[in-house]
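Here is what each chain is made of, one letter per residue.
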Amino acid sequence: MELKKIHNVYFIGIGGIGMSALARYFKFIGKNVAGYDKTPTHLTDELEAEGVSIHFDDKVALIGLPFLDKDKTLVVVTPAVPKAHLQWNYFLQNGFEVKKRAEVLGIITKGTFSFAVAGTHGKTTTSSILGHILHQSGVDVTAFIGGVVENYNSNLIGNGKTVTVAEADEFDRSFLHLHPDIACVTSMDADHLDIYGDTASIEASFREFADKVEDKKKLFVADGLPLEGVTVGVGRGQFSATNIRVNDGSYVFDVSTPEGTIADISFGLPGHHNLTNATLALAMAKTYGVYDDDIKLALASFKGVRRRFSYQIRRKGLVYIDDYAHHPTEIDAVYQAVTELYPNEKVLAVFQPHLFSRTRDFADGFAKSLGRFDTVVLLDIYPARELPVEGITSQWLLDKIETPNKKLVSKADLLPLLKCTDAGVVVTIGAGDIGEMVTEIKAVLDEKN
């Protein structure tokens, strides 16, 4: 498939964070873009404001006349779309070019110098930092991000034609469609067991991805992972963050590299996991040829990613943080960062589990991670692409959490509960539609204080 021959791009699941980045890219290069999604969100609102036509009913009649020309139309579909989807089946049955998001990313990146960021955790933040470093340093880059980067208020960085940065998503083995010149692996924890079945299969898939990088000096791996490559870590690894201090709410640290030490790097994202992410991005950018001073300037100006330890309220007496964490390891990282920054404050964590299968597979890990917070509030499980699993509920998970200060509430009852909390720090956590409540939660907490 040649993209230059495509005039129209139709997205099924256009409101997904990765899908919307592709929609923005195709809109930017002059394609006619439209799509379907199940419900309106902040992302679909933003796309519509940018001139993309979106509808929310699965009806073939709503596709739009230009997109019915199969010789000039590419259809991009998210794996989360159900098999019975009417529009998807129409395109399949009528011989349209239908591809998954990862396949399209593979086509786009094949003709460029490509960076790929893989890992069960940390890939969005790491790819955002890397995209920001390259863009700020004058590299002709386009970065496709699985989150909205605060510096750009977008999940697309740059408009370059020669260099690309892509998140290498392990879901459905999507990352095997990419063609990386430089890559990293941030983590390899068990996840997506509904797809892989067991941890060994996940690790085998990551090894297959890593083997796509022929020069192992251009594959960077978090220290401790069972992969051959250049190791990166905090206090360990061939690229190592050392001499870590906290100054006015930001980290200041050095990075020892095979070529010497880069001193006094300032970086505003909290948590040691983000020091690893920043050091991975630094290592890839430096290997590409970006100067140390340019890397330092970019790291100092990086503002973060929406829903990744995203401060909503930050003042004396009240802090509200929102985070996308949906795996026990990610929740542990949130806890580490919160308690490092606010060691004497009572912390209330609101968690919306994401997927019945993930809740089932990691229930004990979730219970242990959540039980470390002073107070835990659970919402019902967000199903996403799944049907309910018998016996797997938020009440079942709540019963496993050992802290006495725990409660299950509906979304309708969450705001009244938050009006009454005496916690100095409130954290909302989860990958479901809890992110759509952030504005309301912020307003309630602002009013209370």
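Residues numbered from 1 in each chain as written. Predicted model: local features only at pLDDT ≥ 70, side-chain atom pairs only at ≥ 80, totals over all residues. Heavy atoms only, no water.

### What to know about the nonpolar core
- Ranked by internal contacts, the top residues of the largest apolar core, which has 42 residues, are Leu130, Ile133, Leu134, Phe220 and Leu299.
- No other element matches helix α8 (residues 272-288), which puts eight residues into this core. (Core = buried A, V, L, I, M, F, W, Y, C linked by side-chain atoms within 4.5 Å. Buried < 20%, exposed > 50% of the residue type's maximum accessible area, 1.4 Å probe, protein only. Helix = DSSP H or I, 4+ residues; strand = E, 2+ residues; numbered from the N terminus.)

### Here's the deal with the sheet that holds strand β7 (residues 141-149)
- Within the open sheet, the 10 strands sit side by side as β8-β7-β9-β6-β10-β11-β12-β13-β14-β15. Their pairing is mixed. Of all the strands in the sheet, the pair left with one neighbour each is β8 (154-157) and β15 (260-267). Ignoring strand direction, the axes of neighbouring strands in this sheet form an average angle of 20 degrees.
- Pairing geometry for strand β6 (residues 113-118) and strand β10 (residues 182-185), over four bridges, is parallel. Residue Ala116 lies in a different strand from β10, and its bridge partner there is Ala183.
- This element, helix α4 (residues 101-110), spans β6, β7 and β9 (163-168) of the sheet and lies at about 155 degrees to β9. (Pairing = 2+ DSSP bridges. Axes fitted to C-alpha atoms, helices over the stretch in contact; angles between N-to-C directions. Contact = heavy atoms within 4.5 Å.)

### A closer look at the sheet that holds strand β1 (residues 8-12)
- Taken in spatial order, the five strands of this open sheet run β3-β2-β1-β4-β5, and their pairing is parallel. Unpaired on one side and paired on the other, β3 (53-55) and β5 (97-100) mark the two borders of the sheet. Within this sheet the neighbouring strands show an average axis-to-axis angle of 20 degrees, counted without direction.
- Two strands pair when backbone bridges link them, and strand β4 (residues 73-77) and β5 are joined in this way by four bridges, in the parallel orientation. Along β5, the bridge assignment pairs Val75 with Val98.
- Each of β1, β2 (32-36), β3, β4 and β5 touches helix α3 (residues 86-93); the most contacted strand, β1, lies at about 135 degrees to it.

### Here we look at the side chain of Asp254
- Structurally, Asp254 is set in strand β14 (residues 250-257).
- Residue classification places Asp254 among the buried residues on the basis of a relative accessible area of 11%.
- A distance of 3.1 Å separates the side chain of Asp254 from the side chain of Asn243, its partner in a polar contact.
- There is a polar contact of 2.8 Å between the side chain of Asp254 and the backbone nitrogen of Asp264.
- With near-sequence residues (within four places) excluded, Asp254 lies in contact with Ser240, Ala241, Thr242, Asn243, Arg245, Thr261, Ile262, Ala263 and Asp264. (Polar contact = N/O pair within 3.5 Å; in protein donor to acceptor, adjacent residues only side chain to side chain.)

### So, unusual backbone geometry
- Of note in this structure, Asn243 is not a glycine but carries a positive phi near 50 degrees.
- For Asn243, the location among the structural elements is in strand β13 (residues 239-247).
- Residue classification places Asn243 among the partly exposed residues on the basis of a relative accessible area of 48%.
- Look at Phe309: it is not a glycine, yet its phi comes out positive at around 45 degrees.
- With respect to the element layout, Phe309 can be found in the loop between α9 (292-301) and β16 (310-315).

### Observations regarding the packing of aromatic side chains
- One pass over the full model with this rule turns up 18 aromatic pairs.
- Measuring from centroid to centroid gives 5.4 Å for Tyr10 and Phe91, while their planes differ by 50 degrees, and the two rings are tilted. Taken together, the residues Tyr10 in strand β1 and Phe91 in helix α3 connect sequence positions 81 residues apart.
- With a relative accessible area of 0%, Tyr10 lands in the buried category.
- Residue classification places Phe91 among the buried positions, given a relative accessible area of 0%. (Phe/Tyr/Trp six-rings, centres within 6.5 Å; stacked < 30°, edge-to-face > 60°.)

### Examining the pairing of β13
- Bridge count for strand β12 (residues 230-234) against β13 is three bridges, and the pairing is parallel. Each residue of the ladder has a partner; that of Gly233, found in β13, is Ser240.
- Pairing of β13 with β14, which is carried by six bridges, proceeds in the antiparallel orientation. The residue bridging Asn247 from the neighbouring strand is Ser250, located in β14.
- The loop that links β13 with its antiparallel partner β14 comprises two residues; one of these, Asp248, has a positive phi angle of about 55 degrees.

### Remarks on the confidence of the model for the protein chain
- Chain-level pLDDT for the protein chain is 92 on average; 97% of the residues reach the 70-or-more range.
- For the protein chain, the element scoring lowest by mean pLDDT is helix α6 (residues 193-196), at 51; α9 scores highest, at 98. (pLDDT = per-residue confidence, 0-100.)

### Some points on helix α14 (residues 411-419)
- For α14, every residue scored as buried is listed here: Leu414, Leu415, Leu417 and Leu418. Around the axis of α14, the buried residues are gathered within 165 degrees of arc, so they sit on the same side.
- In this fold, the buried residues of α14 make contact with β18 (347-351), β19 (375-378), β20 (406-408), β21 (425-429) and α15 (438-448). (Arc of directions from axis to C-beta.)

### Structural notes on the pattern of salt bridges
- A complete count under the given rule lists 18 salt bridges for this structure.
- Its salt-bridge partner being Asp223, residue Arg236 comes within 3.3 Å of it at the nearest N-O pair. One end of the pair, Arg236, is in the loop between β12 and β13; the other, Asp223, is in the loop between β11 (219-222) and β12, and 13 residues separate them in sequence.
- Of the charged contacts in the structure, one is a salt bridge between Lys346 and Asp422, with a shortest N-O distance of 2.9 Å. In this pair, Lys346 sits in the loop between α10 (328-341) and β18 while Asp422 sits in the loop between α14 and β21, placing the two residues 76 residues apart along the sequence.
- Owing to a relative accessible area of 35%, Lys346 belongs among the partly exposed residues under this scheme.
- Bridged by salt links that share partners, the residues Arg24, Glu46, Glu50 and Arg306 form one connected network. (Salt bridge = Lys/Arg side-chain N within 4 Å of Asp/Glu carboxyl O.)

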